[in-house]
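A look at the structure
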Amino acid sequence: MGNRAPNVLRWRPTNRGAAALLIAGAVSAAALCTQRARADDSTGNDSALPVEVHGFVSQGFIKTTANNYLAESKRGSFEFSEVALNFSKDLTDRMRVGMQLFSHDLGPLGNYRTRFDWFYLDYRFWDWLGVRAGRTKLPFGLYNESSDIDAARVPILLPQSVYPVANRDFLLAQTGAELYGNVPLGAAGVLEYRVYGGTVFFDTADAATRLTNVSVPYLIGGRLMWQTPLDGLQLGGSAQKLRLDAQVPADQVAQLQMSGALPPGITGVLPLRIPALLGVGSAEYNAKDLLVAAEYSRWRSSVESPVPAFATEASTSERFYLMSSYHVRPWFSPGLYYSVLFGDVGDRSGHRPSSLRPGAPPLGRGAYQHDLAVSLRFDVNPNWIVKVEGHRMHGTAGLSSSLNDNAPTSSLTKDWGLFLIKTTAYF
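Along every chain, residues carry numbers that run from 1 in the direction the sequence is written. Confidence filtering applies because this is a predicted model: local features only for residues at pLDDT of at least 70, side-chain atom pairs given and counted only at 80 or more, and all residues used for totals across whole chains, interfaces and linings. Hydrogens and water molecules were not included; the side-chain quantities draw on all heavy atoms of the structure.

In DSSP terms, a helix is any run of H or I states spanning at least four residues, a strand is any run of E spanning at least two, and both are numbered starting from the N terminus. Scanning the protein chain for helices and strands turns up four helices and 16 strands. In the protein chain, buried positions account for 46% of the 427 residues. In what follows, residue pairs with any heavy atoms lying within 4.5 Å of each other are defined as contacts. Partitioning the intrachain contacts of the protein chain with sequence separation of at least 6 by distance along the chain shows that 62% fall at a separation of at least 24. Note on areas: Shrake-Rupley with a 1.4 Å probe; residue coverage comes only from the protein chains shown. Of the roughly 20,900 Å² of accessible surface on the protein chain, a fraction of 62% belongs to carbon and sulfur atoms. Burial classes: relative accessible area under 20% of the type maximum marks a residue as buried, over 50% as exposed, and values in between as partly exposed (1.4 Å probe, protein chains only).

The structure is reproduced here in structure tokens:
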């Protein structure tokens, strides 16, 4: 919407009091829309289909035994808050529109800025062909589309090797268009396809980076999911290709020259291009009270720059997990997963000397992270859940240097623990 966006989209609350006002306003708006929808129904106006209104408010706490993770977690942090309000409406039996307003705070990220998380216009021509346009969720893997819905899962954090929460705003949705549909295969089940293309608007205010003018010239991808004849079993694959363009600002270039990391004679900003290719294979069995899921993913990227000290050869990270949960009682569901991230598939042990050229920015190659997580979900009532989660971590991949006094991640504590508690009310 650019510069024509209404003022409410540019409103940036700076404290928790402002966030509380946002929550109160969201709830009031939801109540008003619901009342109007019921009034339309009571008058028998069939052409005015009701607006569906949903939302949630979450508050969490993060504590680690060593290393700051996602927030200033070594001392314990309540900077783990979310609030959202979404609206959707069937305009006809084939056309649907929807949108979600979202605000959050996760350590240095979010700071209660309010934005449109997603919005779309959806028109379904036939079961096998539909089109969506707007800011649509990325169908990457099993759970990327539902990663913003805490009530939809048992764990607080999805496996961070494949669904890193610190990159949520970057990986959740794209602005563009998407084709989708379901193709029946007779006795062999159903094949669902999704094909999309567009761009991602990257907010550097929500990123631990000193780069400027960050943009994504293109993003294309797709997903195939096979609903097998075995009830509850689905298999699939996703792929995504994009390029990120950015600049190292002039003051950072000057500092690097003074430190000897860059040769003299380079003036002004320094352009960078970062092409990336992401892929994931997925399997899920979800029947009755049992869920078992596994995914294997590889992300390939490189850095292209006119200055050799900043350019890197292509590197491929390896990511996978195995996850299970069980609905023991209507109010209680435990879960367990084991998640692994290798920063460089060619150096899973993390012992090989860096292949980066002298002076190149560290990208965490060779780093690894093993994450064993146990989750407990308690459904207090149909609109309120409480979760408790513990992680046994080995390795430092995925940690932020900026949250840890700018220390190299390789120098941080290798074995550490993570504890989270989170409560969510939703409607």
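Mapped onto the elements of the fold, Ser 238 is located in strand 9 (residues 233-248). Residue Ser 238 is classed as buried on the basis of its relative accessible area of 6%. Of the polar contacts made by the side chain of Ser 238, one reaches the backbone nitrogen of Gly 141; its length is 3.0 Å. Pairs of N or O atoms within 3.5 Å make up the polar contacts considered here, provided that, within protein, one atom can donate a hydrogen while the other can accept it, and that residues adjacent in sequence are counted only when both atoms are side-chain atoms.

Here we come to the nonpolar core. Only buried Ala, Val, Leu, Ile, Met, Phe, Trp, Tyr and Cys residues count toward a nonpolar core, and they belong to the same one when joined by side-chain atoms within 4.5 Å. Tyr 143, Leu 157 and Leu 418 are the most contacted members of the largest nonpolar core, which totals 28 residues. At the level of secondary structure, the elements contributing two or more residues to this core comprise strand 11 (290-303), strand 12 (312-326) and strand 16 (415-426). Considering each element in turn, this core owes the most residues, three residues, to strand 16. Judged by nonpolar contacts, the second largest core, of 16 residues, contains Val 200, Val 216, Leu 242 and Leu 244.

If you trace the backbone, Leu 157 turns up in the loop between strand 5 (129-137) and helix 3 (168-171). Ignoring any residue separated from it by four or fewer positions in sequence, one finds Leu 157 in contact with Tyr 69, Leu 70, Val 165, Tyr 337, Glu 389, His 391, Leu 418 and Leu 420.

This paragraph deals with the pattern of salt bridges. Salt bridge, as used here: a side-chain nitrogen of Lys or Arg that lies within 4 Å of a carboxyl oxygen of Asp or Glu. Here the structure, examined in full by the defined rule, presents 19 salt bridges. Here Arg 168 makes a salt bridge to Asp 117, at a shortest N to O gap of 2.5 Å. A residue pair is termed long-range when its members are at least 10 positions apart, and Arg 168 in helix 3 and Asp 117 in strand 4 (residues 114-126) qualify at 51 residues. For Asp 117, a relative accessible area of 1% corresponds to the buried category. Residue Arg 392 is joined to Asp 415 by a salt bridge in which the shortest nitrogen-to-oxygen separation is 3.7 Å. Placement of the pair is Arg 392 in strand 15 (residues 384-395) and Asp 415 in strand 16, with a sequence separation of 23 residues. The class of Arg 392 is partly exposed, set by a relative accessible area of 48%. Residue class for Asp 415 comes out partly exposed when judged on its relative accessible area of 41%. Residues joined by salt bridges that share partners form a network here, namely Asp 122, Arg 132, Glu 145, Glu 178, Glu 192, Arg 194 and Arg 223.

With that out of the way, let us pick up unusual backbone geometry. Among all residues save glycine, negative phi is the norm, and among peptide bonds the norm is trans. Phi angles above zero are rare outside glycine, and Asn 67 is one such case at about 65 degrees. Counting through the fold element by element, Asn 67 comes out in the loop between strand 1 (52-64) and strand 2 (80-90). Overall, Asn 67 belongs to the buried group, its relative accessible area being 4%.

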